[in-house]
Amino acid sequence: MNQMLVDKHVLITGASRGIGRAIAATFAAQGATVYLNGRDESSLKALENELKQLYGDRVHSLAFDVSDAKQVKQGFQALFKLTKTLDVLVNNAGILEHSLVGMVSAEQIQQTFASNSFSVIYTSQYASRLMARNGGGSIINMASIIGCVGSSGDSVYGGSKAAVIGITKSLAKELAATQIRVNAIAPGFIDTQMNESLSVDKQNQTLQSIAMGRKGTPQDVANTALFLASDLAQYVTGQTIGVDGGMLI
Amino acid sequence: MNQEKLIQCFVSALAIDGALVTDELKYNSIPQWDSTAHMMLVAELEAEFDVMLDTDDIIDMSSVAKAKTILAKYLD
């Protein structure tokens, strides 16, 4: 099969591990020029070097915190120096802390919404203008099955991910005229470091609710992101695609 | 700053006559300069002057005079 993202410039937030890392590797393998974002410069550099060995100089890293509007502004100014073009933005960065509602601090609420929801708006403000210059693009927002159906102990995280779905739908309508597609992915139970904090009991209980009988992999999510980034999805916008092995059926 | 280029950006984005583009012209003071046209204006300015404006500056760009001041920051 031909490479699906040749000549596409792609920014991936939260790229240094888990789902973001899988998306970065998949997109680079498909011919994209990849801009890796994360907070930890050393792990970003390590991934950049790893991918450069496989795919050449089409990989760059940009360390900034997407939950901070000022840093996003500086990050996009740095991106603008590297490229005047952006075809795909993957808003993958996010944090998850399980807490019963009575034990959530105000600071945790602020930080979770800043990292998971506000960041999507901050980055989209700049990315959409870069995309519009070049006739369109694709924004892919990482939601969660918890944002769709809820989960005990995840009111803050679930709320922040439900917000991502709302942002996705409104942005899709607002940006469609400039040929920018905006979609979300709602992963189910994916085998990442983020889910390691769940107790064994909770993990087993969750596994039993998956019709396909296994956890998802970061690659399962990356493959869906690849579809949404590619021209195969050129008439798809405003959608939330579940990648959950049948948890919701 | 190339004033003629700036005026052309306003003419093109707002679809108005160049004679209307004076320092006094303000955002939302004419039907043609609404929020949708404002974003088109920003796109024109960014493309023509090869800059990327901060969100705060886009919100703050409330007149032609203000647009000149803001753009000058990026072109220094």
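The structure this text deals with has already been given above.
Conventions and cut-offs
Residues numbered from 1 in each chain as written. Chains lettered and ligands numbered in written order. Predicted model: local features only at pLDDT ≥ 70, side-chain atom pairs only at ≥ 80, totals over all residues. Heavy atoms only, no water. Salt bridge = Lys/Arg side-chain N within 4 Å of Asp/Glu carboxyl O. Helix = DSSP H or I, 4+ residues; strand = E, 2+ residues; numbered from the N terminus. Contact = heavy atoms within 4.5 Å. Buried area = accessible area lost by both parts, 1.4 Å probe. Polar contact = N/O pair within 3.5 Å; in protein donor to acceptor, adjacent residues only side chain to side chain. Phe/Tyr/Trp six-rings, centres within 6.5 Å; stacked < 30°, edge-to-face > 60°. Buried < 20%, exposed > 50% of the residue type's maximum accessible area, 1.4 Å probe, protein only. Lys NZ or Arg CZ within 6 Å of the ring centre and 35° of its normal. Pairing = 2+ DSSP bridges. Right-handed = clockwise from strand over helix to strand, strands pointing away. Axes fitted to C-alpha atoms, helices over the stretch in contact; angles between N-to-C directions. Parallel < 35°, antiparallel > 145°, perpendicular 65-115°, else oblique. Left-handed = near helix turned anticlockwise from the far one by under 90°.

Novice: Break down the pattern of salt bridges for me, citing the residues and quoting the values.
Specialist: This structure, assessed with the given rule, holds 12 salt bridges over all chains. Across the pair K84 of chain A and D50 of chain B runs a salt bridge whose closest N-O atoms are separated by 3.7 Å. With K84 of chain A in the loop between α3 (69–82) and β4 (88–91) and D50 of chain B in the loop between α2 (35–49) and α3 (55–60), this pair bridges two chains. Counted as one network, the salt bridges with shared partners bring together K45, E48 and K52 of chain A.

Novice: Give a description of the interface of chain A and chain B that names residues and reports values.
Specialist: The interface is formed by 10 residues belonging to chain A together with 13 residues belonging to chain B. For the pair chain A and chain B, the summed buried area comes to about 990 Å², and 48% of that belongs to carbon and sulfur atoms. The partner of D54 of chain B in a salt bridge is K73 of chain A, with the nearest N and O atoms 3.5 Å apart. Summed over the shared surface of chain A and chain B, the result is seven residue pairs in polar contact (both at pLDDT 80 or more). Of all elements in the fold, only α3 and α4 (106–133) of chain A reach the threshold of two or more residues within the side of chain A that touches chain B.

Novice: Talk me through the packing of aromatic side chains; I want residue IDs and the actual numbers.
Specialist: Following the criterion strictly, the structure yields four aromatic pairs over all chains and no others. A centroid spacing of 6.0 Å and a plane angle of 80 degrees characterise the contact between Y27 of chain B and W33 of chain B, whose relative ring orientation is edge-to-face. Assessed through its relative accessible area of 0%, W33 of chain B is described here as buried. Linked through ring pairs, F64, F76 and Y126 of chain A together constitute an aromatic cluster. The ring of F80 of chain A has K84 of chain A sitting right over it, with the charged end atom 3.9 Å from the ring centre. Lying across the ring of F49 of chain B, K5 of chain B places its NZ or CZ 5.0 Å from the centre.

Novice: Please set out the pairing of strand β5 (residues 137–142) of chain A residue by residue, giving values where relevant.
Specialist: Residues and elements named next belong to chain A. Counting buried residues in β5 gives six out of six residues, a clear majority hidden from the surface. Every second residue of β5 is oriented toward a common face, with G137, I139 and N141 on one face and S138, I140 and M142 on the other, all of them buried. Pairing of β4 with β5, which is carried by four bridges, proceeds in the parallel orientation. Bridge assignment links V88 to a residue of β5, and that residue is S138. For the handedness criterion, the β-α-β arrangement of β4, α4 and β5 is classed as right-handed.

Novice: Which residues make up the packing of α3 of chain A against α4 of chain A, and what values go with them?
Specialist: Residue and element names in this part refer to chain A. Where α3 contacts α4, the axes come no closer than 8 Å and their chain directions differ by 25 degrees. Here α4 runs roughly parallel to α3, going by the angle between their axes. For the pair α3 and α4, the sense of crossing is right-handed. Contacts from A69, V72, K73, F76, L79 and F80 in α3 reach Y122, T123, Y126, A127, L130 and R133 in α4.

Novice: Let's hear about the sheet that holds strand β3 (residues 59–63) of chain A: which residues, and what values?
Specialist: All names here are of chain A. Here we have seven strands laid out as an open sheet, ordered β3-β2-β1-β4-β5-β6-β7, and parallel in their pairing. Two strands lie at the open edges of the sheet, namely β3 and β7 (240–243), each paired on one side alone. Mean inter-strand twist for the sheet, computed between neighbouring axes without regard to direction, equals 20 degrees. Strand direction decides the pairing type here: strand β6 (residues 180–187) and β7, joined by four bridges, are parallel. Looking at the pairing, A184 lines up with T240 of β7. Contacts from α3 reach β1 (9–12), β2 (33–38) and β3 within the one sheet, and its direction differs from that of β3 by about 155 degrees.

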